[in-house]
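Below are the chains, spelled out letter by letter.
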Amino acid sequence: MRLLLKNGRVIDPANNVDELLDILVEDTKISKVARGITTGVDKSLQPFALQDDSWGNSRTSQVIDCSGKIVMPGIVDMHVHLRQPGREDKETVASATMAALKGGVTTVLAMPNTEPAIDCIENARLLKGIIKETANANVLVAGAITMGRLGKELTDIAKLKKEGILAISDDGSSVEEANLLLRALKKAREGKILVICHCEDKSLAGNGVVNRGVIATRLGLRGISCESEYKRVERDIQLAEKAKCPVHIAHLSCVESVDIIAKAKNKGLKVSCETAPHYFTLSEEAVLKYDTNMKVNPPLRSRDDLEAIKQGLIKGTIDVIASDHAPHTISEKEIEFDRAEFGVIGLETELAVSITELVH
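Quick caveat, the model's predicted, so the values are computed rather than measured. (Residues numbered from 1 in each chain as written. Predicted model: local features only at pLDDT ≥ 70, side-chain atom pairs only at ≥ 80, totals over all residues. Heavy atoms only, no water.)

1. Some thoughts on the overall build of the protein
- Of regular secondary structure, the protein possesses 12 helices and 16 strands.
- Taking 21 Å as the expected radius of gyration for a compact globule of 360 residues, we find that the protein reaches 22 Å, a close match to that expectation.
- Based on the C-alpha atoms only, the size of the protein along its principal axes is roughly 70 × 50 × 45 Å.
- The buried share of the protein, reckoned over its 360 residues, is 50%.
- Put simply, the protein shows about 17,800 Å² of open surface, and 51% of that area lies on carbon and sulfur atoms. (Helix = DSSP H or I, 4+ residues; strand = E, 2+ residues; numbered from the N terminus. Rg over C-alpha atoms; globule rule 2.2 N^0.38 Å. Buried < 20%, exposed > 50% of the residue type's maximum accessible area, 1.4 Å probe, protein only. Areas by Shrake-Rupley, 256 points an atom, 1.4 Å probe, with all protein chains shown as cover.)

Structural data, given as structure tokens:
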């Protein structure tokens, strides 16, 4: 199979490329990137415009006219909830990776809050088997920090690493016990595995469902303070510094968290972080119609927080945009706001939304 992509604007940040070029693909491998490529493709074939079903064409040679389009490496989304194993009614590896490809995402990191959690090598092998059989894109796997993500007992981090787990996280929950997280960070440093922290102090967040403020009061909904996030960001960075271990902070949503990350980086600490598209496109005002699709954790914040997230991206304080793709069933979303699950989907839209909001 040969595929020739003609006249596209090729953007390759790793190699500092941004120009009109052709790309020749042979047997699924890029064999040549240059201008005016003609070799290796049946010259009798005429270029055709790229359509949704173009990739399914069974001809041995294809020429696709990419004029006016950007050709770039596939996106890596390092924060995705695939829901499988255990909650196939919400999502599967197959459906999620199809959605990913539609959005230009070719590699995802699967979070471990499945049922059962990815907290041992047996469960890791179970998920890896599903990935091997059904995935339509590259899927990397994160393991849990604690058994069952219950915050009581550490997983065998060394065994998980040996099994191919690339990161550990109790995402969806923060590790409440500081000494337990400190031990995990030390073991992660020894095993050279990334720790991803969900930063939420439940004693401060309580049973909140939206950002604490005027809009929460107006809607009669319980609020979640920014303090519940940034106090835990602060603690987890301090523990990482004590353990001499790199740490990655998930889904930043407020100005104080951005400031704490900036200070940590200026101090020379090995801290990275991410935000999600909904935190730089939507403010707390999006919940005014009680739309449960707008119920996310952490919650949509104020306009000032939204602007701080954008500035964090501009300045490089925030390293990564990740979808935090979190699908649920209709019965879990189309109910009263208080009872609805936290989470929104994002694999198909994160690139388009980011380009629209941050570029255009």
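Still more to cover.
2. Topic: the pattern of salt bridges
- Within this structure, the stated rule accounts for 20 salt bridges.
- The salt bridge involving Arg35 is made with Glu19; its shortest N-O contact spans 3.4 Å. You can see Arg35 sitting in the loop between β3 (29-34) and β4 (48-49) and its partner Glu19 sitting in strand β2 (residues 17-26), a full 16 residues away along the chain.
- Judged by its relative accessible area of 62%, Arg35 falls in the exposed class.
- Through salt bridges with shared partners, a single network forms among Arg87, Asp89, Lys90 and Glu332. (Salt bridge = Lys/Arg side-chain N within 4 Å of Asp/Glu carboxyl O.)

3. Thoughts on the state of the cysteines
- Considering all chains together, one arrives at 0 disulfides under this definition.
- Between Cys226, a free cysteine, and Cys254, which holds the nearest cysteine sulfur, the sulfur-to-sulfur gap is 4.3 Å.
- Overall, the relative accessible area of 16% leaves Cys226 in the buried class. (Disulfide = S-S within 2.5 Å.)

4. Some points on the packing of aromatic side chains
- In this structure the tally under the stated criterion is 0 aromatic pairs.
- Between Lys295 and the ring centre of Phe342, over which it is positioned, the NZ or CZ distance is 4.7 Å. (Phe/Tyr/Trp six-rings, centres within 6.5 Å; stacked < 30°, edge-to-face > 60°. Lys NZ or Arg CZ within 6 Å of the ring centre and 35° of its normal.)

5. Here we look at the side chain of Lys295
- Tracing the sequence through the fold places Lys295 in the loop between α9 (277-281) and α10 (303-315).
- A distance of 2.5 Å separates a polar side-chain atom of Lys295 from the backbone oxygen of Ala340.
- In contact with Lys295, not counting residues within four places along its chain, are Val209, Lys333, Phe337, Asp338, Arg339, Ala340, Glu341, Phe342 and Gly343. (Polar contact = N/O pair within 3.5 Å; in protein donor to acceptor, adjacent residues only side chain to side chain. Contact = heavy atoms within 4.5 Å.)

6. As for the sheet that holds strand β15 (residues 271-275)
- What the 8 strands build is an open sheet, ordered β7-β8-β9-β10-β11-β14-β15-β16; its pairing is parallel. In this open sheet, the two edge strands, each paired with only one partner strand, are β7 (75-80) and β16 (320-321). (Pairing = 2+ DSSP bridges.)

7. Some details on the nonpolar core
- Membership of the largest hydrophobic core comes to 53 residues, with the highest contact counts inside it found for Leu185 and Ile249.
- No other element matches the 6 residues that helix α4 (residues 178-191) contributes to this core.
- Other than its neighbours up to four places away in sequence, Ile249 contacts Cys197, Cys199, Val233, Ile237, Ile261, Val271, Ser272, Cys273 and Glu274.
- Counting residues in each nonpolar core, the second largest holds 14 residues, with Val209, Leu221, Met294 and Val344 among its members. (Core = buried A, V, L, I, M, F, W, Y, C linked by side-chain atoms within 4.5 Å.)

8. Considering the environment of Arg83
- Assignment of secondary structure puts Arg83 in the loop between β7 and α1 (93-102).
- Classification of Arg83 by relative accessible area gives buried; the value is 9%.
- Between the C-alpha atom of Arg83 and that of His325, which follows or precedes it by 242 residues, the distance is 10 Å.
- Those residues within four positions of Arg83 in sequence are excluded, and the remaining contacts are Glu88, Lys90, Glu91, Asn113, Thr114, Ala326, Pro327 and His328.
- At a separation of 3.0 Å, a polar atom in the side chain of Arg83 contacts the main-chain carbonyl oxygen of Pro327.

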